[in-house]
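Inside the fold
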There are 4 protein chains.
Amino acid sequence: MKTITEVQNPLQVFAQIESQVRSYIRNFPVVFAKASGHTLWDNAGRAYIDFFAGAGALNYGHNNPVIKEKLIEYLRQDGVTHSLDMATEAKEALLKKFNEVILAPRGMSYKIMFPGPTGTNSVEAALKLARKTTGRHTVLSFTNGFHGMTIGSLSVTGNRMKREGAGMPLTHALSLPYDNYMGADVDTAAYIERLLEDGGSGLSLPAAMILETVQGEGGINVASSEWLRRIEAICRKHGILLIVDDVQAGCGRTGSFFSFEQAGITPDIVCLSKSIGGYGLPLALTLIRPDLDKWQPGEHNGTFRGNNLAFIAALEALNYWKDDAFRQSIGKKGQMARARLEKIAADYPYLGAEVRGKGLMLGLAVQEDELAEKICACAFERGLIMETSGARSEVIKLLPPLTISDEALNRGLDILEESVKICQRKERGL
Amino acid sequence: MKTITEVQNPLQVFAQIESQVRSYIRNFPVVFAKASGHTLWDNAGRAYIDFFAGAGALNYGHNNPVIKEKLIEYLRQDGVTHSLDMATEAKEALLKKFNEVILAPRGMSYKIMFPGPTGTNSVEAALKLARKTTGRHTVLSFTNGFHGMTIGSLSVTGNRMKREGAGMPLTHALSLPYDNYMGADVDTAAYIERLLEDGGSGLSLPAAMILETVQGEGGINVASSEWLRRIEAICRKHGILLIVDDVQAGCGRTGSFFSFEQAGITPDIVCLSKSIGGYGLPLALTLIRPDLDKWQPGEHNGTFRGNNLAFIAALEALNYWKDDAFRQSIGKKGQMARARLEKIAADYPYLGAEVRGKGLMLGLAVQEDELAEKICACAFERGLIMETSGARSEVIKLLPPLTISDEALNRGLDILEESVKICQRKERGL
Amino acid sequence: MKTITEVQNPLQVFAQIESQVRSYIRNFPVVFAKASGHTLWDNAGRAYIDFFAGAGALNYGHNNPVIKEKLIEYLRQDGVTHSLDMATEAKEALLKKFNEVILAPRGMSYKIMFPGPTGTNSVEAALKLARKTTGRHTVLSFTNGFHGMTIGSLSVTGNRMKREGAGMPLTHALSLPYDNYMGADVDTAAYIERLLEDGGSGLSLPAAMILETVQGEGGINVASSEWLRRIEAICRKHGILLIVDDVQAGCGRTGSFFSFEQAGITPDIVCLSKSIGGYGLPLALTLIRPDLDKWQPGEHNGTFRGNNLAFIAALEALNYWKDDAFRQSIGKKGQMARARLEKIAADYPYLGAEVRGKGLMLGLAVQEDELAEKICACAFERGLIMETSGARSEVIKLLPPLTISDEALNRGLDILEESVKICQRKERGL
Amino acid sequence: MKTITEVQNPLQVFAQIESQVRSYIRNFPVVFAKASGHTLWDNAGRAYIDFFAGAGALNYGHNNPVIKEKLIEYLRQDGVTHSLDMATEAKEALLKKFNEVILAPRGMSYKIMFPGPTGTNSVEAALKLARKTTGRHTVLSFTNGFHGMTIGSLSVTGNRMKREGAGMPLTHALSLPYDNYMGADVDTAAYIERLLEDGGSGLSLPAAMILETVQGEGGINVASSEWLRRIEAICRKHGILLIVDDVQAGCGRTGSFFSFEQAGITPDIVCLSKSIGGYGLPLALTLIRPDLDKWQPGEHNGTFRGNNLAFIAALEALNYWKDDAFRQSIGKKGQMARARLEKIAADYPYLGAEVRGKGLMLGLAVQEDELAEKICACAFERGLIMETSGARSEVIKLLPPLTISDEALNRGLDILEESVKICQRKERGL
């Protein structure tokens with residue numbers, strides 16, 4: 001191995017030492033040094049508008065200054081940093097405030113579980129509890145759903161490449177067609193109901209269904225409120241638990257704190273992570289209908305359930321939800337961004353584009369293979385960080401921080417439009 | 001639901017809002033407020049010596065002051081906090097330093113994977129890679145092994161109560177007898193070899209074996225160096241990958257940075273977490289033999305792979321390993337603690353005690369059911385935090401910070417001895 | 001236990017000694033003593049026309065006299081009865097004749113496997129070989145498919161009650177919608193194709209699809225030739241093996257020797273049993289595309305693969321297929337029976353009936369729950385043996401021997417019509 | 001494909017048309033034509049003494065003349081041949097007689113199930129019922145156990161080559177060490193008990209254990225009566241069902257009708273097949289402790305449950321068990337054969353032989369790889385049919401018909417001895 005000091009390529013340390021599995025570094029091949037709000041800076045001092053926001057973990061922006069001060073203060077005073085699931089003042093404060101600001105005003109009485117600090121931990125805990133309390137094994141998931149990379153969560157994730165990473169069969173889960181999967185004319189909820197009611201369908205009564213109301217990784221697919229209510233009704237009728245994975249779509253991303261509020265449904269279990277940690281710090285919650293909270297003490301555990309810096313950051317971030325202003329601002333920005341995307345779709349018919357999404361979780365689905373990736377690469381060169389999603393990476397995904405200014409949002413959209421224009425020229429060989 | 005403001009019981013917020021799954025809070029029923037080095041303080045100002053150390057996540061003590069300053073400095077300068085798996089200066093520095101301080105001096109050339117910030121993430125990644133690269137499904141694990149709570153890791157974990165939490169069958173794993181499981185006279189490695197060589201044993205060629213060299217949760221069971229070398233030889237002979245889960249036993253806990261150094265074995269994959277994060281911050285690594293690094297980019301991923309505060313803390317903590325002093329100090333303290341445990345075992349025959357462990361990962365196994373728990377409860381009342389382990393909670397487990405002073409270590413052991421004495425009186429009805 | 005000699009109830013021996021699992025005896029509660037052609041006699045000498053024909057195992061009638069003489073002759077001369085998979089003259093003759101009469105004239109070059117003497121053995125062998133040769137695990141099956149009761153076959157069977165008999169999860173199989181399952185407007189082949197082509201569908205590339213061209217147990221559901229060709233094309237495109245389970249629909253039941261001849265498809269593997277044994281003797285074959293015949297010697301085996309009496313009977317039965325007369329007679333009888341069923345459906349609108357089927361595999365699906373069973377019970381009292389099928393037992397199933405005379409066929413249909421009339425009166429409370 | 005009429009090689013029809021999976025035909029490469037008692041004749045008129053007896057399916061000899069007459073008579077009178085699970089006079093007679101001759105005299109009150117006509121059907125039914133009634137999934141099996149080739153039975157079979165034929169993971173089963181598997185000094189029952197009692201062993205409470213008291217395919221391994229009683233006691237203590245697979249060892253093979261009678265244990269479920277059909281005709285029974293008989297009607301079924309020719313043959317064969325003479329004759333012949341085997345082992349030390357077995361289920365285990373197969377091949381050339389067993393085919397297996405004359409038994413043993421001698425010369429290069 002070469003001595004590390006002779007490195008030329010700015011990413012050579014990573015190429016030499018880090019596993020092949022590294023991914024986003026390939027799309028954004030610079031070394032980042034600083035971050036604030038909607039901006040990242042690389043180590044050459046170049047600024048980037050961030051429309052990726054930590055894949056939805058940075059709804060309140062990078063290094064939110066108010067939260068930062070709370071973190072420094074907590075560190076300074078030697079507040080407990082790591083506490084497993086022992087009681088700390090920081091945790092107590094978070095439990096109380098989450099109840100007061102989020103649950104109680106919505107008439108919710110969920111029990112809160114700290115399943116470990118990642119989204120997949122939250123999903124694994126939800127699946128375990130659903131199976132344990134119902135005594136059934138199968139969990140129904142949906143085409144193009146994404147729930148995490150550990151074996152339990154991966155079993156309910158649709159992506160074939162990621163599933164093959166398991167190296168073993170993924171069982172006790174069944175993927176069913178999401179809303180609109182078979183086109184607008186086919187009612188997938190009716191198919192699901194038929195499978196459950198027909199004693200010859202080959203489907204046994206499942207423990208739960210797990211779904212995202214807007215599929216982020218799957219291509220910014222939005223389930224209609226009506227479909228969600230149909231699914232909830234089917235679950236109720238058959239005694240199936242409904243799990244909403246709000247890891248990416250929750251914490252305000254689609255306009256309301258929970259993504260499912262608009263549809264008026266009440267999941268039995270809710271998975272939260274990503275932006276719940278306020279500052280991009282690892283944290284996850286699993287919200288449990290109280291009568292389902294049948295865990296034995298310690299039956300699920302984990303070393304980093306007590307990440308108190310994240311508790312402090314989460315506590316502060318909840319202030320955004322004390323009144324309605326933040327929610328309204330997301331709505332306005334979402335409409336503005338959507339209008340611009342619609343215009344881009346209309347102005348550049350070569351894209352064959354469809355605008356998708358809700359709130360500030362938006363997508364521009366394009367026809368041609370690899371085109372979305374080319375546009376994002378072009379945008380990155382112009383100072384905009386954006387990712388693609390969908391099974392064929394066919395969707396340009398927009399997840400700006402919810403705190404982004406109108407001006408920066410527009411500037412980012414300008415870069416997107418410019419990139420669309422440049423790629424058009426390249427398509428035409430100009 | 002009562003209004004939260006009427007709380008009387010100091011833990012009432014937790015009882016009302018947190019899930020039943022909470023566990024350690026039941027053994028240490030106070031609200032902690034501050035922490036430093038080997039000491040925790042509750043919100044009434046009472047101090048506790050910590051022989052639990054975040055279940056091994058706080059080898060460098062609580063809120064280690066040197067690391068703390070680095071964290072505050074990094075926050076102050078708006079260093080990138082959350083970066084997924086993009087390149088940051090903090091990550092680059094950590095990769096270089098881990099290579100320079102840990103890998104290179106030991107002649108190791110592992111590729112480093114950031115599998116997500118928890119131990120179970122690291123194990124899941126290891127299992128996936130082992131299955132994927134060998135094309136085989138079964139992973140052999142060991143009686144009383146503990147590897148995590150997500151389905152992949154839980155499948156290789158021995159504990160029945162925790163396994164039942166899955167609510168579904170755990171497959172593609174097989175638990176075999178650990179060293180000494182069938183008594184000193186039976187060579188469990190020979191049995192394992194027979195199973196592999198006999199075409200009628202019912203065992204198919206496995207992808208991997210996963211083991212802890214010292215089983216922490218399983219009862220501080222130490223595998224002999226000879227047995228470890230036998231297992232490694234069996235793996236080599238049959239093309240089975242050897243995964244060492246060093247999440248709890250690594251980072252100096254047993255005396256050397258890796259727990260397996262003394263045995264002279266070279267695992268194909270190593271799982272690290274807990275104290276690798278330096279300050280109790282969520283972080284995990286998976287070390288991979290370079291030719292096994294066959295991941296597709298992004299084939300395993302996760303939102304919190306880029307926890308830069310943990311990178312900064314980990315970077316600083318590596319300084320403990322720049323020379324041999326820290327290793328030697330662990331050895332000395334371990335010997336001292338073990339000597340005192342031996343004396344306690346000898347002085348209190350009612351315990352029927354056996355001293356177990358290595359380095360500062362020590363255990364006092366007692367005969368009677370529930371006795372270990374009683375002694376720990378008694379110690380807590382006297383200001384010492386200790387946990388039990390083993391399938392019947394029959395082992396008093398000692399995991400003090402490796403940075404603990406001799407004086408505090410002795411003070412803690414005094415409390416332990418006093419608690420043993422008090423419980424003896426209670427046993428006798430005095 | 002009472003002494004058996006005190007039996008009063010004619011079925012008391014069975015009630016006392018046989019397991020609860022017994023089934024048809026409950027619908028036809030007499031003790032049968034003799035059988036010939038399309039007639040069964042009970043031990044009181046009462047005759048019954050048999051429209052059940054051993055669930056399709058007696059296509060050539062009970063105790064076919066020509067075959068009977070061959071069996072007696074073989075027994076008399078001490079021909080080998082039981083031969084495992086050693087070579088016998090009887091087996092050699094069968095192999096040659098099956099090749100000459102069935103395979104060669106159809107341009108087929110299947111290798112013939114003797115997987116054990118039952119349909120489920122044939123299906124298990126087919127599934128094993130499909131998985132083994134493709135290196136993939138999942139087998140796609142279809143709603144309301146029926147393939148057998150051993151765990152491999154049960155995994156691809158749709159019936160929920162029967163699946164629950166497994167007492168364990170049935171994995172590595174996925175049930176997809178059969179032709180027309182989602183109504184006439186939804187193209188289920190298109191859905192299946194989408195699942196295979198969409199990298200986010202959650203479906204991994206399967207080893208095989210297994211289907212019946214007419215679902216016997218599932219409710220006499222007929223797949224259209226077009227749909228079968230679509231399915232075959234999808235299989236070819238993706239390298240998926242196509243297994244046709246012709247255990248019930250084969251051996252002439254639908255009008256041609258193989259049920260799939262009309263559709264013009266060429267399965268990779270074909271499962272035969274039931275009437276292949278000629279005389280109701282246990283026998284099954286698995287036909288294998290020659291290049292897929294990758295078995296190790298003895299990799300699948302079984303004690304009763306060499307049931308030579310069945311070989312002798314099968315050999316004789318093949319004479320029915322030497323020219324086209326038998327095929328034509330099935331077609332004519334099938335048309336006649338179908339016409340009468342259509343008339344019954346029209347004349348008795350209370351049934352809400354739909355006529356289903358092909359050849360002499362016919363069904364009358366009725367609306368009301370339990371009505372089909374009532375009609376069959378009524379028919380039995382009048383000397384006609386018929387069973388129901390479908391997940392709700394909603395289909396009256398007609399499987400007369402293919403050798404039945406027109407006169408007896410009409411007589412049976414008369415009894416059916418009379419039973420329909422009587423049940424109508426009962427429905428109306430008359 | 002060549003025209004079949006041009007065949008030269010006596011086995012060419014098989015080579016051309018039959019699947020590669022054919023097996024015994026390779027060891028005994030002649031076409032058999034006739035059989036009687038302990039003798040088989042090939043189509044060239046050559047006679048062979050049969051020490052294989054249909055792998056244990058022909059305990060009463062080939063084409064037993066008394067049974068043969070009953071079969072011909074039944075055929076002549078058009079007795080029902082195929083009856084599914086409807087009542088027939090033949091079935092009624094068998095149920096009564098099995099109860100009177102076998103169950104009642106032994107104080108047994110098992111319910112009798114007809115699970116389909118093969119041993120693997122019986123095992124599948126037993127496993128399903130055990131899982132269904134206990135609500136647990138795992139079944140414990142034993143190293144070198146053999147239970148059948150369908151997926152349920154294969155999951156509890158030890159042989160690696162056969163397991164790999166499944167092409168998919170075999171789950172919900174765990175293979176544990178049989179008696180003596182770890183040598184005479186290690187008590188495998190104690191290990192099994194430890195696994196069940198240690199909450200950290202990784203073993204969940206199983207539904208059942210399944211075992212053969214003498215492992216036929218696995219190498220004629222005999223479990224001691226003491227070990228069997230230990231296993232039964234462990235099962236009782238933990239509420240685990242004990243299934244004895246007496247498919248090969250039952251029906252008198254080891255000296256008593258059931259192989260487990262001598263040990264004095266009472267299985268919860270017993271699997272019978274092979275010789276229960278009397279004449280080598282396909283038949284299997286599953287005997288069920290009455291309170292476990294919780295099947296729904298038809299929850300397990302199969303087309304060939306009503307093989308009435310086999311009922312007639314089985315009925316007649318039960319006459320062998322009406323008094324003690326047959327049992328005694330097996331004992332005497334067994335002792336004689338064992339004595340001769342012991343002498344061969346002593347006289348030919350080059351074999352490194354160990355004599356194994358019980359009753360007329362005997363084995364001569366030899367050291368060198370492929371030696372057993374060479375000896376059997378040599379014996380076949382001299383007119384003796386014998387097979388090998390064990391994972392390495394290291395055991396010469398003797399399963400003569402129980403009805404064999406002393407003279408023929410000795411003649412067969414003479415041929416064996418001669419073959420041992422000849423192979424010795426070949427070993428020495430003479």
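Since this is a predicted model, take the numbers as computed values, not measurements.

Counted by the stated rule, this structure contains 100 salt bridges over all chains. B:Glu342 is paired through a salt bridge with B:Arg338; the nearest N and O atoms lie 3.3 Å apart. One end of the pair is B:Glu342 and the other is B:Arg338, both in helix α12 (residues 325-347) and four residues apart, which spans about a single turn. Measuring nitrogen to oxygen at the nearest pair gives 2.6 Å for the salt bridge that ties D:Glu197 to D:Lys237. Remark: D:Lys237 occurs in helix α10 (residues 225-238) and D:Glu197 occurs in helix α9 (residues 188-197); sequence separation between them is 40 residues. By relative accessible area, D:Glu197 is classed as partly exposed at 44%. Exposure remark for D:Lys237: the relative accessible area of 54% places this residue in the exposed category. Through salt bridges with shared partners, one network takes in A:Glu232, A:Arg236, A:Asp268, A:Arg289 and A:Asp291.

As a further point, take the domain arrangement of chain A. All names here are of chain A. Along its sequence, chain A is organised into domain 1 (31-63 + 325-427) and domain 2 (68-321). Here the C-alpha centroids of domain 1 and domain 2 sit 26 Å apart. Taken residue by residue, the interface counts 30 residues in domain 1 and 30 residues in domain 2. Of the roughly 2,500 Å² buried between domain 1 and domain 2, counting both surfaces, carbon and sulfur atoms make up 55%. Of all residues in domain 1, Tyr60, Lys358 and Met361 give up the largest surface area on contact with domain 2, accounting jointly for 33% of the area buried on that side.

Our focus in this paragraph is the confidence of the model for chain A. All names here are of chain A. Residues at a pLDDT of 70 or more form 98% of chain A, whose mean pLDDT is 96. Here residues 1-7 is a poorly scored stretch, pLDDT under 50, and it has 12 contacts once near neighbours within four places are set aside; other chains count. Scoring of the predicted complex yields 0.96 for pTM and 0.97 for ipTM.

To continue, consider the interface of chain B and chain A. Taken together, the contact between chain B and chain A spans 110 residues of the former and 110 residues of the latter. Taken as a group, B:Val21, B:Asp78 and B:Phe304 account for 7% of the area that chain B buries against chain A, more than any other trio of residues on that side. Run the count over chain B and chain A and you get six salt bridges. When the shortest N-O distance is used, the salt bridge between A:Arg76 and B:Glu69 registers 3.4 Å. Counting every contact that joins chain B to chain A gives 46 residue pairs in polar contact (both at pLDDT 80 or more). In terms of residues, the side of chain B that touches chain A owes the most to one element, helix α5 (residues 89-103) of chain B, which gives seven residues.

So, about the environment of A:Tyr191. With respect to the helices, strands and loops of the structure, A:Tyr191 is situated in helix α9 (residues 188-197). For A:Tyr191, a relative accessible area of 4% gives the class buried. Spatially, the C-alpha atoms of A:Tyr191 and A:Leu176 are 9.1 Å apart, while their sequence positions differ by 15 residues. Each residue touching A:Tyr191, except ones within four places of it in the same chain, is listed here: A:Pro177, C:Pro177, C:Tyr181, C:Met182 and C:Tyr191.

Let us now look at the pairing of strand β14 (residues 354-358) of chain D. Residues and elements named next belong to chain D. Burial analysis of β14 places four of its five residues in the buried class, the great majority of the element. The sheet contact formed by β14 and strand β15 (residues 361-365) spans five bridges and is antiparallel. Pairing of Glu354 across the sheet is with Ala365, part of β15. Where β14 folds back on β15, the antiparallel hairpin that results is connected by two residues, among which Gly359 adopts a positive phi of roughly 60 degrees.

Attention now goes to the sheet that holds strand β1 (residues 31-36) of chain B. Read from one edge to the other, the open sheet built from five strands follows the order β4(A)-β1(B)-β2(B)-β3(B)-β16(B), with strand pairing classed as mixed. The sheet is open, and its two edges are formed by β4 (87-88) of chain A together with β16 (384-385) of chain B, each paired on a single side. Pairing of strand β2 (residues 39-42) of chain B with strand β3 (residues 47-50) of chain B, which is carried by three bridges, proceeds in the antiparallel orientation. Within β3(B), the residue paired with B:Thr39 across the bridge is B:Ile49.

Under the defined criterion, the tally for this structure stands at 70 aromatic pairs over all chains. Both rings, one in A:Tyr60 and one in A:Tyr320, keep their centres 4.9 Å apart while their planes meet at 20 degrees; by these two values the pair is stacked. Placement of the pair is A:Tyr60 in the loop between α3 (53-56) and α4 (65-76) and A:Tyr320 in the loop between α11 (308-317) and α12 (325-347), with a sequence separation of 260 residues. Classification of A:Tyr60 as buried rests on a relative accessible area of 4%. Among the aromatic residues, those joined into a cluster by ring pairs are A:Tyr60, A:Phe98, A:Phe257, A:Phe258, A:Phe260, A:Tyr320, A:Trp321 and A:Phe326. A cation sits over an aromatic face here: A:Arg194 above C:Tyr181, 3.8 Å from the ring centre. A cation sits over an aromatic face here: B:Lys91 above B:Phe114, 4.6 Å from the ring centre.

Our next topic: the sheet that holds strand β8 (residues 208-211) of chain A. All names here are of chain A. The strand order across the open sheet built from seven strands is β5-β13-β12-β11-β8-β6-β7, with neighbouring strands paired in mixed fashion. In this open sheet, the two strands that pair with only one neighbour each are β5 (111-113) and β7 (173-176). Along the sheet, successive strands turn relative to each other by an average axial angle of 20 degrees, direction set aside. In terms of strand pairing, β8 meets strand β11 (residues 241-245) through four bridges, oriented parallel. Paired with Ile210 across the strands is Ile243, a residue of β11.

Turning to the interface of chain C and chain D, a few remarks are in order. Accessible area lost upon the coming together of the parts serves often as the stated size of an interface. Each partner contributes to the interface: chain C provides 110 residues, whereas chain D provides 111 residues. At the boundary of chain C with chain D, total buried surface from both sides reaches about 9,800 Å², with 63% on carbon and sulfur atoms. Inspection of the region where chain C meets chain D yields six salt bridges. Linking D:Asp78 and C:Lys68 is a salt bridge whose minimum nitrogen-to-oxygen distance equals 2.7 Å. Across the chain C-chain D interface, the total number found is 46 residue pairs in polar contact (both at pLDDT 80 or more). Looking at the side of chain C that touches chain D element by element, the count peaks at seven residues for helix α5 (residues 89-103) of chain C. A class-by-class count of the residues in the side of chain C that touches chain D yields 52 nonpolar, 32 polar and 26 charged. Inspection of the sheet shows strand β1 (residues 31-36) of chain C paired to strand β4 (residues 87-88) of chain D by two bridges, in the parallel sense. Bridge pairing in β4(D) places C:Phe32 opposite D:Thr88.

Attention shifts here to the relation of the copies chain C and chain D. Both copies of the chain are placed relative to one another by a rotation about an axis and a shift along it. The operation relating chain C to chain D is a screw motion whose rotation component is 180 degrees, with 0.0 Å of axial translation and a residual RMSD of 0.0 Å. Viewed as a symmetry operation, the transformation between the two copies matches a two-fold axis. Looking at chain C, 100% of its interface residues are interface residues in chain D too, so the copies touch through the same face.

Definitions and cut-offs
- Residues numbered from 1 in each chain as written.
- Chains lettered and ligands numbered in written order.
- Predicted model: local features only at pLDDT ≥ 70, side-chain atom pairs only at ≥ 80, totals over all residues.
- Heavy atoms only, no water.
- Salt bridge = Lys/Arg side-chain N within 4 Å of Asp/Glu carboxyl O.
- Helix = DSSP H or I, 4+ residues; strand = E, 2+ residues; numbered from the N terminus.
- Buried < 20%, exposed > 50% of the residue type's maximum accessible area, 1.4 Å probe, protein only.
- Domains from an automatic or database assignment.
- Contact = heavy atoms within 4.5 Å.
- Buried area = accessible area lost by both parts, 1.4 Å probe.
- pLDDT = per-residue confidence, 0-100.
- Polar contact = N/O pair within 3.5 Å; in protein donor to acceptor, adjacent residues only side chain to side chain.
- Pairing = 2+ DSSP bridges.
- Phe/Tyr/Trp six-rings, centres within 6.5 Å; stacked < 30°, edge-to-face > 60°.
- Lys NZ or Arg CZ within 6 Å of the ring centre and 35° of its normal.
- Axes fitted to C-alpha atoms, helices over the stretch in contact; angles between N-to-C directions.
- Nonpolar A, V, L, I, M, F, W, Y, C, P; charged D, E, K, R; others polar.
- Least-squares fit on C-alpha atoms with pLDDT ≥ 70 in both.

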